[in-house]
Amino acid sequence: MLDSGHKFRSIELESAAKVLACGTTVTGAKHYGCSDPSCTHTKVIALSCKSRLCNSCGQKATEQWMCVQKEILPDCSWRHLTFTMPSVLWKIFQLNRHLLGDLFRISSQILLQTAKKKKLIIGMFSALHTYGRQLNFNCHIHLSLAEFGLNQYGDLVPFTFPFKDLMSQWRYLVITLLRQQPLSQLILPETIVDELAWKKVLNDCYNQYWQVKIAKKTSHKSHTAKYLGSYLKKPPIAGSRLRHYVDENVHIDYLDHRSKTNKTMALSHEELILRVLTHVPEKHFKMLRYYGFMSNRLRGELLDIIYDKLDQKVGSVIRLTYAAMMKSFTNQEPYVCILCGSAMRFLGFERGASLSQIMFHLRKLAKLRPI
């Protein structure tokens, strides 16, 4: 625990340790040597950490996810919805993370029930987004919905739903979820001192207008993959937004949604780290979930029918490799000797340390530099 009172979750420490070890041989490495006997050039490629906090690993995971989605998504128009809530409830869900999974269920339930009444099977996927531009905890759901549904005869039928009812249903279901939680099992902020104050917070929130944003339709699946891809795998803040480090304060850029202007905010290095770590999800928590004909249970049976109806040809999913991404971003072939131009050959693999070992040497890792 820090002097500020922040008590680290184990997953936060693990994620930080992985990021510090990324780019070093601590995570393991592959050794290569030039195939030309007269050349002595060798190369060490450190294994990635695959942490959500890592900029390089997050970029690779995002590109890989988008590559897969561009192949498997039905090529049609998609509607994007964003389900938000009053800011006073953000802290409630931050302190009670076991409730975050219910936000997926609630937001999808509204549309699935509408489709069920129309005897349609719809397809959608949603992502949980927990951070705002200033790295504050701001939990909301991004949901992408295919423009059609599959009826009982195997035909594609346009799917419409009452836009004006979305907000009231979303608000009712979230407030009902919170009211059903035993107060003794909830962690509440210090400002909510008793049950009466808790009920007042819920009643006040229920009387507010909740924003449910409905964006314009995207024309095809590539737009949809790109839209959600920016929210899924990348860390809460890009390195390009970090401006200065002066007097132990970090200056970051952010877009103010109210004024629509770019502003700069100064945070202490400790506060910045704590804000970033707050958005690390619990272990095994799924930040992306699929429903309807996009769900794992139905997609194997129904997607082929939908591809046929759309006259869509689906190719094999291309897996992005280290060499392909390096060539794409740097325009250089990583397995070619930089001295003589000959091919590099694999020499051996260096096993990395276990997560418990990495955690034990956390302080030493903070002083290492990536290779």
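You'll find the structure just up there.
Note that this is a predicted model, so its numbers are computed, not measured.

What counts, and at which threshold
- Residues numbered from 1 in each chain as written.
- Predicted model: local features only at pLDDT ≥ 70, side-chain atom pairs only at ≥ 80, totals over all residues.
- Heavy atoms only, no water.
- Salt bridge = Lys/Arg side-chain N within 4 Å of Asp/Glu carboxyl O.
- Helix = DSSP H or I, 4+ residues; strand = E, 2+ residues; numbered from the N terminus.
- Core = buried A, V, L, I, M, F, W, Y, C linked by side-chain atoms within 4.5 Å.
- Buried < 20%, exposed > 50% of the residue type's maximum accessible area, 1.4 Å probe, protein only.
- Contact = heavy atoms within 4.5 Å.
- 1 Å grid on protein atoms, 1.4 Å probe; cavity = no way out; pocket = protein on both sides within 12 Å on 5 of 7 lines; lining within 4 Å.
- Points joined across faces, edges and corners; volume = space filled by probe spheres on them.
- Nonpolar A, V, L, I, M, F, W, Y, C, P; charged D, E, K, R; others polar.
- Polar contact = N/O pair within 3.5 Å; in protein donor to acceptor, adjacent residues only side chain to side chain.
- Pairing = 2+ DSSP bridges.
- Axes fitted to C-alpha atoms, helices over the stretch in contact; angles between N-to-C directions.

All chains considered together, the criterion is met by nine salt bridges. As a salt-bridge pair, Lys263 and Asp256 come within 2.9 Å of each other at their nearest N and O atoms. A salt bridge links Arg275 to Glu271; the nearest nitrogen and oxygen atoms lie 2.8 Å apart. Residue Arg275 and its partner Glu271 are both found in helix 8 (residues 269–278); the two are separated by four residues, about one turn of the helix.

With that out of the way, let us pick up the environment of Cys139. Along the chain, the position of Cys139 falls in strand 5 (residues 137–150). When the C-alpha atoms of Cys139 and Ala61 are compared, they prove to be 22 Å apart, with 78 residues separating the residues in sequence.

The biggest cluster of nonpolar side chains holds 44 residues, and the ones touching the most others in it are Leu89, Phe93, Leu103 and Trp170. Those elements giving two or more residues to this core turn out to be strand 3 (78–83), helix 3 (90–95), helix 4 (100–117), strand 4 (121–131), strand 5, helix 5 (163–179) and helix 6 (195–206). For this core, the element with the most residues is helix 5, which contributes eight residues. The residues contacting Trp170, other than those within four sequence positions of it, are Phe83, Thr84, Met85, Leu103, Ile106, Ser107, Ile110, Ile141, Trp210 and Val212. Counting residues in each nonpolar core, the second largest holds 21 residues, with Leu73, Leu228, Leu288 and Leu302 among its members.

According to the stated counting rule, one finds two cavities of 30 Å³ or more in the structure shown. If you add up the space inside the largest cavity, you get close to 80 Å³. Lining the largest cavity are 13 residues, with Arg52, Tyr131, Lys234, Pro236 and His279 positioned closest to its centre. In terms of residue count, strand 4 provides more of the lining of the largest cavity than any other element does, four residues in total. A per-class count over the lining of the largest cavity returns eight nonpolar, three polar and two charged. Here the second largest cavity is characterised by a volume of approximately 40 Å³. Lining the second largest cavity are Ile110, Leu111, Thr114, Phe161, Pro162, Asp165, Leu166 and Gln169. Listed by contribution, the elements that provide at least two residues to the lining of the second largest cavity are helix 4 and helix 5. Partitioning the lining of the second largest cavity into residue classes produces five nonpolar, two polar and one charged.

Here the focus is the layout of surface pockets. In this structure, the largest pocket occupies an estimated 1,300 Å³ of space. Residue lining of the largest pocket: 38 residues in total, with Tyr131, Gly132, Arg133, Asn138 and His257 positioned closest to the centre. Classifying every residue of the lining of the largest pocket gives 15 nonpolar, 16 polar and seven charged.

Moving on, we come to the side chain of Arg9. By the secondary structure assignment, Arg9 is in the segment before helix 1 (10–21). A polar contact of 3.0 Å, which involves the side chain of Arg9, links it to the side chain of Glu12. Within the structure, the side chain of Arg9 is placed 3.3 Å from the backbone oxygen of Leu277, a separation counted as a polar contact. Residues in contact with Arg9, not counting those within four places in the same chain, are Arg97, Leu277, Thr278, Val280, Pro281 and Glu282.

The next point concerns the sheet that holds strand 8 (residues 242–246). Taken together, the three strands give an open sheet; going across it, the order is 8-9-10, and neighbouring strands pair in antiparallel fashion. Sheet topology places strand 8 and strand 10 (261–268) at the edges, where each strand pairs with a single neighbour. Strand-to-strand twist across the sheet, computed as the mean angle between neighbouring axes with direction ignored, equals 30°. As judged from the four bridges shared by strand 8 and strand 9 (residues 249–256), these two strands associate in the antiparallel manner. Its bridge partner being in strand 9, His244 is matched across the sheet by His251. Along the sheet, helix 8 contacts strand 8, strand 9 and strand 10; its crossing angle with strand 10, the most-contacted strand, is approximately 110°.

Function cannot be inferred from these measures alone, as they are strictly geometric.
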